[in-house]
Amino acid sequence: MTGQDGTSPQAPAPYVGGRVSRIDGPAKVRGEAKFTADFSPADLHPSGLGAPSLVHALMVTATIASGRISGTDQAAARAVPGVLDILTHETPGLKLSAVEGYPKGPAGTSFLPLQDAGVKFRGQPVALILAESLEAAKYAAMLLKIEYAAQPFRGTLAQARDGEPLLGRETPEDLQHSRGDVQQGLNDADTRFGAKYETPVHHHNPMEMHAVTAQWEEGAEGKPKVTLHEPTQWMQSSQGTLAKVLGLEPDDVHVLSPYVGGGFGSKATTWPHLLMAVLAARHLNRPVKLVLTRAQMFAAVGYRAATSTEYQVGLDVQGRLSAMSLKAETQTGPVDQFPEQVGTVPKMLYANPNMEFTHDLIRTHAGPNIMMRAPGEASGGFGLEVLMDELAEAAGLDPLEFRRVNHAPSGQDPESGLPYSSKHLLECYERGAAAFGWERRSRQPGSMRDGHTLIGWGMASAVYPVYSSPATARARMKQGGQVVIEAGSHDIGTGTYSVLAQIAADALGVRLEQVTVKLGDSRLPKNGYSGGSRTAGSVGSAVLAASMALRQELLAAALADPSSPLAGATTDEIQARDGGLYRSGSDQGEPYGTVLARMGKTEHEAYREVIPNEGTPEDLEKLLKGEDGSVEAIAKEHARYSWGAVFAEVRVDPDFMTPRVSRMVGVYDIGQVLNAKTAESQLIGGMIWGVGMALHEETQVDPATGLVLNSNLADYHLPVNADLHQVQAITLAHPDFLVSLLGARGAGEIGIVGTAAAVANAIYHATGKRVRETPITLDKLM
Ligand code: MOS
């Protein structure tokens, strides 16, 4: 890329790696960026005139957790002026074809709404009110009577585990893991220790509500077409699922998702409300808009499942792990089988020859669960990293020293035995300890004070797997030197627009302002799921490949043309800079517009498909068919992870036992940082979420009714500015070219991993109270 040649005085500083503000920031700040609920039918209509007027939809959800609808009384609701119709399971013509949910399809998709009278979970969508105004729909919802025949249910993990489970317990074979001889390792151990850790249900709560605007058109040859605006992390999943349930061609489902106001996993699948809105658009032959309420966001669009992890561990005389047995029980919903993968981190993070991991999924009447920021790594990492703090104390070692003693060297990934693509965890420990001042920590709990206030210092390791996907992109050069980048991917608030523009600007030697990035349209070059911290590395690699191809083709045209000032030069003498192609260290060359003009073209474009390292052509084929072609963390040749260490300081008032996080330092080895500003924002955001996990967040489900009691942002507690003081994220500079062309691994999720444990460990250090469950509220410290 331009700028890597440090010897040339003309080489500009590259954008990649710099602190670049979001290119979509001004549009968002000014309110010009349109999110799903901002779109009206006129936006989609060619002239903006004569568009059919919008129907407002309101979702009605079940008030029992299990049973069936015994009857409805719709008369009063239907009599409300402006009400057009009410869709229920009794409405004819709403039949949908079954789809497979996780693990064969996207998580959470296999429950289809309005198909029968059955109620499988509290908050299940059971009716859709359609009206000329939202007010009419809301009033009708108050008058709509639905009668239920309720049955016993299990709304929580504890209810399903401790009573008769009702929906059962499953032990999926692919989740279980065993190596060595755990019993022998425990027998041989110098020290044995056991403990159990628990985490509750969490909800994603992106700022932007789930929403959809759907239009149905009977196409010219009777081939129907659907157009929808939807905030999604996976347009291809919506296309594929809708096509299957409605019997359409995926290409006849057009998904638009230019801006997404956060997703965190909850917007990575096709939920019932989307299907209902599309059914309604077909039913009325008018465009339909549906926006969920915040309370409905706690019912029908996924959650992080509650978990319980129980360890038995042995240590040898030097404090090294000799065996680990881990029994996990996690909650899942009544349909699909999505595991909260609490074993991912304990299986691989530390050197340990003997491991036995068993994982049971326990079904509850709580709606389908789904991935939520670092799914399993955050919840499983909490137990493991508190356990490590407890073990360090049992071994008489400093918590950081204990982790160094148990560090797994490269070439010996404990789970696979493979070499790492790149691992600088020891450097994370060292840099973090130095930045935090860890050597000034006194060992004894309760021994550090600031006046009356107890001070506690804790730390934890962080790790997140590398997922990568095949990706495709198009790069177009226009006459004036403007570049257009097109990729059917998503910016879920992470900075994708900016990062892709940076990559293209560097590759082509143009200014950032000359690059326009187009995302969030399913008709753009196909890309996969924006989750698992993969988008920047995967789609960025395709943008790099397409941009480099475009540059090469324009360069080849210039070199071959006798009238070009570059005629006869060789490729390696040429730099892409200043909006054109120039000889290194000289002014000789020409702008791209001149090259295009001599080619007799007003624009030129290149399209590239990229298979990630250790991926296969079949992975690309899957992507092009609309399926998930992910390459997993443990690939054939390398174990691929990002690494980190997080240090936290808490201050606890000993009279009230109120913990406050006064300082955090996280150091992250995430490969090449593409944008220092957005990466830092991602990491700090993850760390803050970890504070929420440690101290605040918990979805409270009433065991008597299955109702979520705190389904709003006043009662579902999140850390706010007053809860946070200094938060610092530091990144190391070790590009990992074994995972991507860009050397980048991804910043989205690792920040939350380990953070809750670092806070819990700091609370123990301050108070001597060991709390093995989150959130650590003050009642648990009394
Ligand atoms: Mo994420 S939980 O991969 O959006």
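Since this is a predicted model, take the numbers as computed values, not measurements. (Residues numbered from 1 in each chain as written. Predicted model: local features only at pLDDT ≥ 70, side-chain atom pairs only at ≥ 80, totals over all residues.)

A. Expanded view of the overall build of the protein chain. Helix and strand counts for the protein chain stand at 18 helices and 28 strands. Counting only C-alpha atoms, the protein chain reaches 80 × 75 × 50 Å along its principal axes. In the protein chain, buried positions account for 55% of the 782 residues. Residue pairs in contact within the protein chain that sit at least 24 positions apart in sequence constitute 80% of those at least 6 positions apart. (Helix = DSSP H or I, 4+ residues; strand = E, 2+ residues; numbered from the N terminus. Buried ≥ 20, exposed ≤ 12 C-beta atoms within 10 Å, placed from the backbone. Contact = placed C-beta atoms within 7 Å.)

B. The arrangement of the sheet that holds strand β6 (residues 145-150) in detail. Ordered in space as β4-β2-β6, the 3 strands form an open sheet in which the pairing is antiparallel. This sheet does not close on itself; its edge strands, each paired only once, are β4 (118-119) and β6. The sheet contact formed by strand β2 (residues 67-73) and β6 spans 6 bridges and is antiparallel. Bridge assignment links glycine 67 to a residue of β6, and that residue is alanine 150. (Pairing = 2+ DSSP bridges.)

C. Inspection of helix α7 (residues 235-246) at higher detail. With 12 residues, α7 should cover 16 Å at 1.5 Å per step; its first-to-last C-alpha distance of 16 Å lies within 8% of that length. Turning to α7, its buried residues number three or more, namely Met235, Gln236, Ser237, Ser238, Gln239, Gly240, Thr241 and Leu242. Among the structural elements, β11 (225-229), β12 (253-256) and α8 (272-284) are those in contact with the buried residues of α7. Taken from the residues just after α7, glycine 247 is the one with a positive phi, measuring 70°. (Expected span 1.5 Å × (residues − 1).)

D. Quick look at the confidence of the model for the protein chain. The predicted model of the protein chain has a mean per-residue pLDDT of 95, with 97% of residues at 70 or higher. Scored below 50 in pLDDT, residues 1-10 shows 26 contacts in the model against residues more than four places distant or in partner chains. Predicted complex metrics record ipTM = 0.97 and pTM = 0.96. (pLDDT = per-residue confidence, 0-100.)

E. Representation of unusual backbone geometry within the structure. Cis rather than trans, the peptide bond between tyrosine 102 and proline 103 has omega equal to 10°. One can find proline 103 in the loop between β3 (83-87) and β4. Geometrically, the link from threonine 774 to proline 775 is a cis peptide bond, its omega value of -10° lying close to zero. With respect to the helices, strands and loops of the structure, proline 775 is situated in the segment after α18 (755-767). Backbone geometry places phenylalanine 264, a non-glycine residue, at a positive phi of 60°.

F. Representation of the domain arrangement of the protein chain within the structure. According to the domain assignment, the protein chain consists of domain 1 (25-33 + 468-624), domain 2 (40-152 + 213-298) and domain 3 (377-466 + 635-780). Between domain 1 and domain 2, the C-alpha centre-to-centre distance is 38 Å. On the side of domain 2, 19 residues touch domain 1, which itself brings 16 residues to the contact. Taken together, the residues of the side of domain 1 that touches domain 2 break down into 4 nonpolar, 8 polar and 4 charged. (Domains from an automatic or database assignment. Nonpolar A, V, L, I, M, F, W, Y, C, P; charged D, E, K, R; others polar.)

G. Just the nonpolar core, in detail. One finds Ile485, Leu500, Ala504, Val543, Val646 and Val759 to be the most contacted residues of the largest nonpolar core, which totals 137 residues. A total of 11 residues in this core trace back to one element, the largest contributor, which is helix α14 (residues 535-559). Counting contributing residues per domain, this core is built from domain 1 (25-33 + 468-624) and domain 3 (377-466 + 635-780), each supplying no fewer than three. Among residues more than four places away in sequence, those in contact with valine 543 are Ala473, Ala475, Ile485, Ala487, Leu500, Ile503 and Ala504. Core analysis: the next-biggest nonpolar cluster, separate from the first, contains 80 residues, Leu128, Leu274, Leu292 and Tyr529 among them. (Core = buried A, V, L, I, M, F, W, Y, C linked by C-beta atoms within 7 Å.)

H. Representation of the packing of helix α13 (residues 496-508) against α14 in the model. For the pair α13 and α14, the least separation of the axes is 9 Å and the interaxial angle reads 30°. With respect to α14, the axis of α13 lies roughly parallel. With respect to the hand of their crossing, α13 and α14 are arranged in right-handed fashion. Across from Thr496, Val499, Leu500, Ile503, Ala504, Ala507 and Leu508 in α13, the residues of α14 making contact are Thr535, Ala536, Val539, Gly540, Val543, Leu544, Ser547, Met548, Leu550 and Arg551. The residue makeup of the contact of α13 with α14, split by class, is 12 nonpolar, 4 polar and 1 charged. (Axes fitted to C-alpha atoms, helices over the stretch in contact; angles between N-to-C directions. Parallel < 35°, antiparallel > 145°, perpendicular 65-115°, else oblique. Left-handed = near helix turned anticlockwise from the far one by under 90°.)

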